[in-house]
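Listed below, chain by chain, are the residues.
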Amino acid sequence: NIIEEILARNHLPLTLAQSVMDHYITTLKASKIKAVAIEGAESMLAALQSKAQLGIATANLLAAAKHRLQQVQLWSAVEKFAHGADGGGHKSDILDRAIKNLNLPPQRIVYIGDNINDVTAGLTHGVHFIGFSTDANRRQTLANHGAIHISANHLETTGLVLALLA
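The sections below set out a description of the structure shown in this document. (Residues numbered from 1 in each chain as written. Predicted model: local features only at pLDDT ≥ 70, side-chain atom pairs only at ≥ 80, totals over all residues. Heavy atoms only, no water.)

### Some details on the overall build of the protein chain
Piece 1. Along the protein chain, the regular secondary structure elements total nine helices and five strands.
Piece 2. Relative to the 2.2 N^0.38 estimate, which gives 15 Å for 166 residues, the radius of gyration of the protein chain is 16 Å and therefore close to what a compact globule would have.
Piece 3. The burial tally for the protein chain puts 37% of its 166 residues in the buried class.
Piece 4. A separation of at least 24 residues holds for 53% of the contacts in the protein chain among residues at least 6 apart in sequence.
Piece 5. Accessible surface for the protein chain amounts to roughly 9600 Å². Of this, 55% is attributable to carbon and sulfur atoms. (Helix = DSSP H or I, 4+ residues; strand = E, 2+ residues; numbered from the N terminus. Rg over C-alpha atoms; globule rule 2.2 N^0.38 Å. Buried < 20%, exposed > 50% of the residue type's maximum accessible area, 1.4 Å probe, protein only. Contact = heavy atoms within 4.5 Å. Areas by Shrake-Rupley, 256 points an atom, 1.4 Å probe, with all protein chains shown as cover.)

Structure follows, in structure tokens:
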């Protein structure tokens with residue numbers, strides 16, 4: 001559990017875990033900051049929905065990811081195979097749980113990520129990885145860390161996913 005890991009790292013009692021998590025989620029839900037979907041995300045998910053099993057592997061708490069994705073009406077597309085940091089570990093551990101849940105060979109899985117930890121996790125598990133960012137410098141960083149497939153927009157991402165699964 002990510003909360004227990006943070007508490008242990010800071011030498012705080014693990015008995016605080018549930019209250020810390022509840023406070024985080026309550027604060028997130030009360031926030032006036034609203035999630036904004038990346039342009040093209042909705043149409044990408046709609047285009048892939050009938051062609052693939054969609055999910056999410058996030059380093060955030062799953063309840064937080066769910067809240068944000070519900071704000072932009074994207075949760076229902078990924079909820080069946082949704083994995084978060086609740087089970088603990090690094091991004092690679094979270095992706096490992098997602099892969100086991102899918103019960104598919106790695107070559108049938110496409111993982112899209114936007115940071116170096118995502119690249120490492122994807123490469124470690126032998127899945128197809130697409131580095132995504134609207135920022136050219138970040139795309140270059142992802143490529144420098146091993147991302148072969150890079151996308152700057154979700155129309156391009158959709159095409160990559162379909163080509164990788166063809």
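### Structural notes on the packing of helix α1 (residues 2–9) against helix α2 (residues 17–30)
For any two helices packed against each other, the geometry comes down to the angle between their axes and how far apart the axes lie.
Piece 1. Between α1 and α2, the least distance of the axes is 9 Å, while the angle of their chain directions is 115°. For the element pair α1 and α2, the recorded crossing hand is right-handed. Of the residues in α2, those touching α1 at Ile3, Glu4 and Leu7 are Ala17, Val20 and Met21.
Piece 2. Considering only residue class, the contact of α1 with α2 consists of five nonpolar, no polar and one charged. (Axes fitted to C-alpha atoms, helices over the stretch in contact; angles between N-to-C directions. Left-handed = near helix turned anticlockwise from the far one by under 90°. Nonpolar A, V, L, I, M, F, W, Y, C, P; charged D, E, K, R; others polar.)

### Observations regarding the nonpolar core
Piece 1. Formed by 25 residues in total, the largest nonpolar core has its most connected members in Ile3, Ala57, Leu61, Leu95, Tyr111 and Val127.
Piece 2. Secondary-structure elements contributing two or more residues to this core are α1, α2, α6 (91–102) and α7 (116–125).
Piece 3. Looking at this core element by element, the count peaks at five residues for α6.
Piece 4. If near-sequence neighbours (up to four positions away) are discounted, Tyr111 is found in contact with Ala57, Lys91, Leu95, Asp118, Ala121, Gly122, Val127, His128, Phe129 and Ile130.
Piece 5. Counting 17 residues, the second largest nonpolar core, distinct from the first, contains Val72, Ala77, Val161 and Leu164. (Core = buried A, V, L, I, M, F, W, Y, C linked by side-chain atoms within 4.5 Å.)

### Topic: the packing of aromatic side chains
Given two aromatic rings, one states the distance between the centres and the angle between the planes to describe the pair.
Piece 1. Inspection of every chain in the model, using the stated rule, returns one aromatic pair.
Piece 2. Centre to centre, the rings of Tyr111 and Phe129 are 5.8 Å apart; their planes meet at 55°, and the pair counts as tilted. One end of the pair, Tyr111, is in strand β3 (residues 110–113); the other, Phe129, is in strand β4 (residues 128–132), with 18 residues separating them in the sequence. For the pair shown, Tyr111 and Phe129 are each scored as buried. (Phe/Tyr/Trp six-rings, centres within 6.5 Å; stacked < 30°, edge-to-face > 60°.)

### A closer look at the side chain of Arg139
Piece 1. Here Arg139 lies in helix α8 (residues 136–144).
Piece 2. Not counting chain neighbours up to four residues away, the residues in contact with Arg139 comprise Ser133, Thr134, Ile150, Ser151 and Ala152.

### As for the pairing of β3
Piece 1. A one-sided burial pattern is seen for β3, the buried positions being Tyr111 and Gly113 and the unburied ones Val110 and Ile112.
Piece 2. Inspection of the sheet shows β3 paired to β4 by four bridges, in the parallel sense. Considered in β4, the bridge of Gly113 is made with Gly131.
Piece 3. At this point the chain moves from β3, through α7, to the parallel β4, and the crossover so formed is right-handed. (Pairing = 2+ DSSP bridges. Right-handed = clockwise from strand over helix to strand, strands pointing away.)

### Notes on the pairing of β4
Piece 1. Counting buried residues in β4 gives four out of five residues, a clear majority hidden from the surface.
Piece 2. Of the strand pairs in this sheet, β4 and strand β5 (residues 149–151) are connected by three bridges, and their pairing is parallel. When the sheet's bridge partners are listed, Ile130 is paired in β5 with His149.
Piece 3. Following the chain from β4 across α8 to the adjacent parallel β5, one finds a crossover that is right-handed.

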